[in-house]
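The chain contents come next:
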Amino acid sequence: MSIDKKYIRNFCIIAHIDHGKSTLADRIIEKTGLLTEREMQSQVLDNMDLERERGITIKSQAVRIVYNARDGHEYIFNLIDTPGHVDFNYEVSRSLAACDGAILVVDAAQGVEAQTLANVYLALDHDLDVIPVINKIDLPSADPKRVIDEIEDVIGIEAENAPQISAKTGLNVEDVLEAIVNDLPAPTGENNNPLQALIFDSIYDPYKGVIVFIRVKEGMVRPGDPIRMMASKAEFDVVEVGYFGAGQFVPCDELTAGMVGYVTASIKNVSDTRVGDTVTNRDNPCNEPLPGYKKVNPMVYCGLYPADGAKYPDLRDALEKLQLNDAALQYEPETSIALGFGFRCGFLGLLHLEIIQERLEREYNLDLVTTAPSVVYRVHKTDGEMIELTNPSNLPDPSEIDYMEEPVVAAEIMVTSDYIGAIMNLCQERRGEYISMEYMEETRALLKYTLPLNEIIYDFFDALKSRSRGYASFDYEMKGYVKSNLVKLDILINKEPVDALSFIVFEGTAYERGRKMCEKLKGEIPRHLFEIPIQAAIGNKVIARETVKAVRKDVLAKCYGGDISRKKKLLEKQKEGKKRMRQVGNVDIPQSAFMSVLKLDEN
Amino acid sequence: MRTNLDNSNKEIELYIHIPFCVKKCNYCDFLSFAPDTFTNDLLTKEMYVNALCSELEFKSRIYGNNTVTSIFIGGGTPSSLATSLIVRIMDSVHSFFKVAIDAEITIECNPGTVDFEALSIYKSLGINRLSFGLQSTDNNELKLLGRIHDYRSFVNSIEATLKAGFDNYNVDIMYGLPGQNISILHKTLSDVTRFSPKHLSVYSLIIEEGTPFYEKYNDDYIIQCQGKITSFLPKESELCEMTDFVKAFLKGRGYNQYEISNYAKNGYECRHNIGYWKRAEYIGIGLGAASLYDNVRYKNITDIDKFIKNWSMSNPISEYESKESLSDDEAMAEFMILGLRMNEGVSADEFHNIFGRSLGDVYKENIHELIQQGLIVNEGGRIRPTSNGLELQNIIAGKFI
């Protein structure tokens, strides 16, 4: 039995972070009666612990629901949730490609934000019909009229009749469901055409192998069909097809043109099913693949090392498993003199890095030492060769370097007028190049800057939030590379360079950074029997220095009543702590020292 | 391995714990109850001493064949017990254990809690050494520490001590106190050495968890341990100066330092404490008391009601809070860690006699490293801590753990 396409709606919800996307998704699922209220765990679509805790969506999720519309027909909704954070733009983009329309959620108090714009443009790029929804109208500060004007003026889409809802209380959510039926298009495509389906995500299941999430554009797919991935050329026989129930995979007989669902085919390797690839029938292939996604390249690299060197194989296994579900994560083995064996890992951004780090620590019980994140620099050597540098330690000798380039981003910052000055200052400090400023309305402006990526990967978000008291939002995209005056800053502890602490920095800020690093490290390195100089150096030139004084007294004065067990435990604990430190030369450096230099701007 | 019990005749020490005091001091984390807790009343004390006697009897059946070479009655403040109770304890000891004729028998006293009469009775019981918890002769410091006595009551107690015929007594002194400087410490040391006590224990203050001092000074203490600028406690460098001062001052008065915190006139080193550092075998009697016997460390339970109940039954129950059998490696490590607290350090021959292995082989690298670091020296068949090493004992100990 196949479903008539005209009763299918494939859509996603897009929004600025915190505007209520996931809450609306929950409410839609609840209202359509697919779940009872009791089954309804808050935010059904965010199913990783981490996602629920942080209130953000990391992986895209899909769910199929059935809606009995006011016109008397039963509609199938495929709701595809998309991540909200700028780091995960690639996920957004591939999810959008599986949809025919998008619901744009705008907070009735906050109005249009930088990511609202970014996401709308992304949706329009994919030819999606966008229907706006004004959320949080139950808030005392809600001003739907103003927000409607803003949507029309700034984004340029009709918003007069936009549903005004409260996803939290469920108010007017039916209006959204009816708008989906009436204002979003049904999918197109012919069941009789050769199979042409888009992979928009995949996850690894230990029993079924890779579960490939697809949107069927043309044709149909059934269990037993021979399929081919057009880019990777991998071929498989389909074992199972199905759709996305609430939190579970529901097998069905076939997926036809216009449907969203999944395919399993005993696929062992996630790299065979690259997101963006087109699935077709081996024996009856389509003429050409669907327009794919751009390959995503990591923007931020850092070294990940197990705190306990013996856990290196565990870390490797964990990264392997994480990569099965996260094609954007890249890693390769590296060694550090200070930290031993570890991996140089590439991430989409700092949030992605943090999430991977947290998942490794929580889900795989690993204790990690992370080195300072670095962007990818281009080093042009005098012999004409160009190196993409992901690890500062690999920087060639200065005499071999002709010039270096660093990545820059086009940044858009939306900020209320009170804080424009503060934010412009911040951008200035971060070597930003001013492009333009447009007033969205009287009290809010959109600032455009070109910023070096390495200036925003550390703590730019935090600085932005604190300097605008939370009234600024930020979005960016890669713009390219520009020539820059960069140097490698080395840290020497007791005259020994510590490779894991080296980083590339803009020459003009090297002194300041070096000084802060030394100060920070002084507080982290325990005293030894001898004095330990901590130096920051560029080449042979020392630009900052601190000293950790020698320890003079470390003694348990009293050993009372012959009860030495307690003292022994104390000493054992100290010993345990020391074992977890890294030795560089004859200095023990605690893990926290490596981490502390990541947060230099804390006051 | 040595054979266990009954027929063995070894030298052992007895430690007897009295968990009562007149007032809990601000720095003290020892197991002791002040009168403001409901476990310090005459009846409880009476029942506790009954329990002690019952424990002595019970343990004498296990360890009674050995010869007791030293007894230490500690606390708390043992002298806060009625003299009649001390009499009962000592009577039990003598009736259940063989006590060597020249045994060192010490009782801890608080200045102001003993008079001539009590001290005379102690003397008649065979007690031949007193230990006074003086801490300071500066009345402001004594108040800060929460001590019950003042300098005057200490002077009275010492006069009574001499009158009762004790020539061997110890005085505890504390330094590194909040607000202290060298001149206050100098005053305390001059005041005390005027009486020429045979023994001095001079401790630097340790801030222990669960004490009023912990609440008040622990943040400062951490800063001190990091060598940074403190607000109340002396800076680490000042503390080191004080340590050097104590050593020099006492040396000039004829006291030899024989352990990190202990100084004595020739021949008056505390045999009981040396026993702990040389891993003599000792039996702890009383609440929370620790024992070491046949390379097993025991610790008695610390719940006083349960303790009294256990030992008051017609079939008493001997219950430990912990019992740890030491492996050879652990015993060797203890030998080094404890032995290197003493100025004379450890003897390679003694090590060989006890463990049947060569000290130089077992700890070759550890010793080499510590010599390199200037913390110990290897001379004449002994490994000794340097004066620097004495102050960095935790680092030495860390090498053997």
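Residues numbered from 1 in each chain as written. Chains lettered and ligands numbered in written order. Predicted model: local features only at pLDDT ≥ 70, side-chain atom pairs only at ≥ 80, totals over all residues. Heavy atoms only, no water.

Here we look at the sheet that holds strand S14 (residues 376-379) of chain B
All names here are of chain B. Short version of the rule: Pairing between two strands is assigned when DSSP locates at least 2 bridges connecting them. Working definition: helices are DSSP H or I runs of at least four residues, strands are E runs of at least two. Numbering for both runs from the N terminus.
Pairing is antiparallel across the open sheet formed by three strands, whose spatial order is S13-S15-S14. For this open sheet the edge positions go to strand S13 (346-347) and S14, each flanked by a neighbour on one side alone. Where S14 and strand S15 (residues 382-385) come together, four bridges link them in antiparallel fashion. Bridging across to S15, Glu-379 finds its partner in Arg-382.

Considering the interface of chain A and chain B
Many analyses report the size of an interface as the accessible area lost when the parts associate. The cut-off we apply is this: Any pair of residues with heavy atoms lying within 4.5 Å of one another is described as a contacting pair. Throughout, the accessible surface (probe 1.4 Å) given up by two parts as they are put together, summed over both, is called the buried area. Just to be clear on terms, a salt bridge is a Lys or Arg side-chain nitrogen sitting within 4 Å of an Asp or Glu carboxyl oxygen. Whenever a nitrogen or oxygen atom comes within 3.5 Å of another N or O atom, the pair is scored as a polar contact, on the condition that within protein one atom can donate a hydrogen and the other can accept it, and that pairs from neighbouring residues in sequence are kept only if both atoms are in side chains.
With 25 residues of chain A in contact, the opposing surface of chain B contributes 46 residues. Taking both sides of the interface into account, the surface hidden between chain A and chain B amounts to around 3200 Å²; carbon and sulfur atoms contribute 54%. Connecting chain A to chain B are four salt bridges. Across the pair A:Lys568 and B:Glu334 runs a salt bridge whose closest N-O atoms are separated by 2.6 Å. Linking chain A with chain B are ten residue pairs in polar contact (both at pLDDT 80 or more).

Quick look at the packing of helix H6 (residues 182-193) of chain B against helix H8 (residues 236-252) of chain B
Residues and elements named next belong to chain B. Operational definition: Axis definition: a line fit to C-alpha positions, over the contact stretch in the case of helices; interaxial angles, taken between N-to-C directions, run 0 to 180 degrees. We call two directions roughly parallel when the angle between them is under 35 degrees, roughly antiparallel when it is over 145, roughly perpendicular when it lies between 65 and 115, and oblique otherwise. It is the rotation of the near helix from the far one that decides the hand of a crossing: anticlockwise by less than a right angle makes it left-handed, clockwise makes it right-handed. Throughout this entry, Asp, Glu, Lys and Arg are counted as charged residues, while Ala, Val, Leu, Ile, Met, Phe, Trp, Tyr, Cys and Pro are counted as nonpolar. The remaining residues, Gly among them, count as polar.
Where H6 contacts H8, the axes come no closer than 11 Å and their chain directions differ by 25°. Accordingly, the angle class assigned to the pair H6 and H8 is roughly parallel. Like other packed secondary-structure pairs, H6 and H8 cross with a definite hand, here right-handed. For the pair H6 and H8, the contacting residues are Ile-182, Leu-185, His-186, Leu-189, Ser-190 and Thr-193 in the first and Glu-241, Met-242, Phe-245, Val-246, Phe-249 and Leu-250 in the second. Of the residues that constitute the contact of H6 with H8, the class distribution is eight nonpolar, three polar and one charged.

Digging into a nonpolar patch on the surface
We count it as follows: The patches described consist of residues with a relative accessible area above 30% and no salt bridge, like charges being joined within 9 Å and nonpolar side chains (Val, Leu, Ile, Met, Phe, Trp, Tyr) within 5 Å. All accessibility values rest on the Shrake-Rupley procedure with a 1.4 Å probe; residue burial counts only the protein chains present in the view.
Together, A:Tyr434, A:Met437 and A:Tyr439 give the surface a local cluster of nonpolar side chains, amounting to about 300 Å² of exposed area. Residue placement: A:Tyr439 occurs in strand S24 (residues 433-441).

Observations regarding the sheet that holds strand S12 (residues 248-252) of chain A
Residues and elements named next belong to chain A. The strand order S10-S9-S15-S6-S7-S14-S11-S12 describes an open sheet built from eight strands, whose pairing is antiparallel. Two strands close off the open sheet at either side, each with one partner strand: strand S10 (235-237) and S12. Pairwise comparison of adjacent strand axes, ignoring direction, gives a mean angle of 40° for this sheet. In this sheet, strand S7 (residues 209-218) lies alongside strand S6 (residues 196-205) in antiparallel orientation, the contact comprising nine bridges. Residue Asp-201 lies in a different strand from S7, and its bridge partner there is Phe-213.

Thoughts on the confidence of the model for chain A
Residues and elements named next belong to chain A. Heads up, the rule is: Per-residue confidence from the prediction method is given by pLDDT, with values spanning 0 to 100.
A residue-level look at chain A finds 91% of positions with pLDDT of 70 or above and a mean pLDDT of 84. When the elements of chain A are averaged for pLDDT, helix H2 (residues 49-54) gives the smallest value, 48, and strand S30 (residues 532-538) the largest, 96. Here residues 54-60 is a poorly scored stretch, pLDDT under 50, and it has 37 contacts once near neighbours within four places are set aside; other chains count.

Focus: the packing of helix H9 (residues 420-429) of chain A against helix H11 (residues 460-467) of chain A
All names here are of chain A. Between H9 and H11, the shortest axis-to-axis distance is 9 Å and the interhelical angle comes to 155°. As the angle between them shows, H9 and H11 are arranged roughly antiparallel. The crossing of H9 and H11 is right-handed. Together, Ala-422, Ile-423, Asn-425, Leu-426, Cys-427 and Glu-429 of H9 and Phe-460, Ala-463, Leu-464 and Arg-467 of H11 make up the contact between the two elements.

Some remarks on unusual backbone geometry
Residue and element names in this part refer to chain B. As a reminder, the rule being used: Burial status follows relative accessibility: with a 1.4 Å probe on protein chains alone, a residue under 20% of its type maximum counts as buried, one over 50% as exposed, and anything between as partly exposed.
For the bond running from Gly-75 to Gly-76, omega is 20°, close enough to zero to count as cis. Among the secondary structure elements, Gly-76 is positioned in the loop between strand S2 (67-75) and helix H2 (83-96). In this model, Ser-196 sits at a positive phi of 50°, which is unusual for a non-glycine residue. Within the secondary structure layout, Ser-196 lies in the loop between H6 and strand S6 (199-204). Given the relative accessible area of 35%, Ser-196 is considered partly exposed.

Let's talk about the pattern of salt bridges
Pairing is possible between side chains of opposite charge, provided their charged atoms come close. Following the criterion strictly, the structure yields 47 salt bridges over all chains and no others. Ionic pairing is found between A:Glu363 and A:Arg359, a salt bridge with its closest N-O pair at 3.0 Å. Of this pair, A:Glu363 and A:Arg359 are both found in helix H8 (residues 350-363), four residues apart, which corresponds to roughly one turn of the helix. By relative accessible area, A:Glu363 is classed as partly exposed at 43%. Between B:Asp294 and B:Lys10 there is a salt bridge whose closest N-O contact spans 3.0 Å. Separated by 284 residues along the polypeptide, B:Asp294 in the loop between strand S10 (290-293) and strand S11 (296-300) and B:Lys10 in the segment before strand S1 (11-18) bring together distant segments of the chain.

Re helix H1 (residues 42-63) of chain B
For the record, the criterion: To estimate the expected span of a helix, count its residues, drop one, and scale the result by 1.5 Å.
Its 22 residues give H1(B) an end-to-end C-alpha distance of 31 Å, which sits within 8% of 32 Å, the value for a rise of 1.5 Å per residue. You can read the cap of H1(B) off the contacts: a side-chain oxygen lies 3.0 Å from the backbone nitrogen of B:Leu43, and it is on B:Asp41.

Focus on the nonpolar core
All names here are of chain B. Formally: Nonpolar cores are built from buried Ala, Val, Leu, Ile, Met, Phe, Trp, Tyr and Cys residues. Side-chain atoms within 4.5 Å join them into one set.
Counting 72 residues, the largest nonpolar core has Tyr-122 and Leu-130 as its most contacted members. Examining the composition of this core, we find that eight residues originate from one element, H1, more than from any other. In contact with Tyr-122, other than residues within four places in its own chain, are Ser-79, Thr-83, Ile-86, Ile-107, Cys-109, Val-114, Ile-127, Leu-130 and Phe-166.

Overview of the packing of aromatic side chains
What counts, and what does not: Here is the rule: rings of Phe, Tyr and Trp (six-membered ring for Trp) pair when centre to centre is within 6.5 Å. Planes less than 30 degrees apart are stacked, more than 60 are edge-to-face, and the remainder are tilted.
Applying the stated criterion to the full structure yields 37 aromatic pairs over all chains. Where A:Phe11 meets A:Phe77, the ring centres are 5.6 Å apart and the plane angle is 85°; that geometry is what we call edge-to-face. Taken together, the residues A:Phe11 in strand S1 (residues 8-15) and A:Phe77 in strand S3 (residues 74-81) connect sequence positions 66 residues apart. Both residues of the pair, A:Phe11 and A:Phe77, count as buried. Where B:Phe132 meets B:Tyr169, the ring centres are 6.2 Å apart and the plane angle is 85°; that geometry is what we call edge-to-face. Here the residue B:Phe132 occupies a position in strand S4 (residues 129-135), and B:Tyr169 occupies one in strand S5 (residues 169-175), the gap between them amounting to 37 residues. Side by side, B:Phe132 and B:Tyr169 carry an identical accessibility label, which is buried. Taken together, the aromatic side chains of A:Phe200, A:Phe213, A:Phe244, A:Phe249 and A:Tyr262 make up a single cluster linked through ring pairs.

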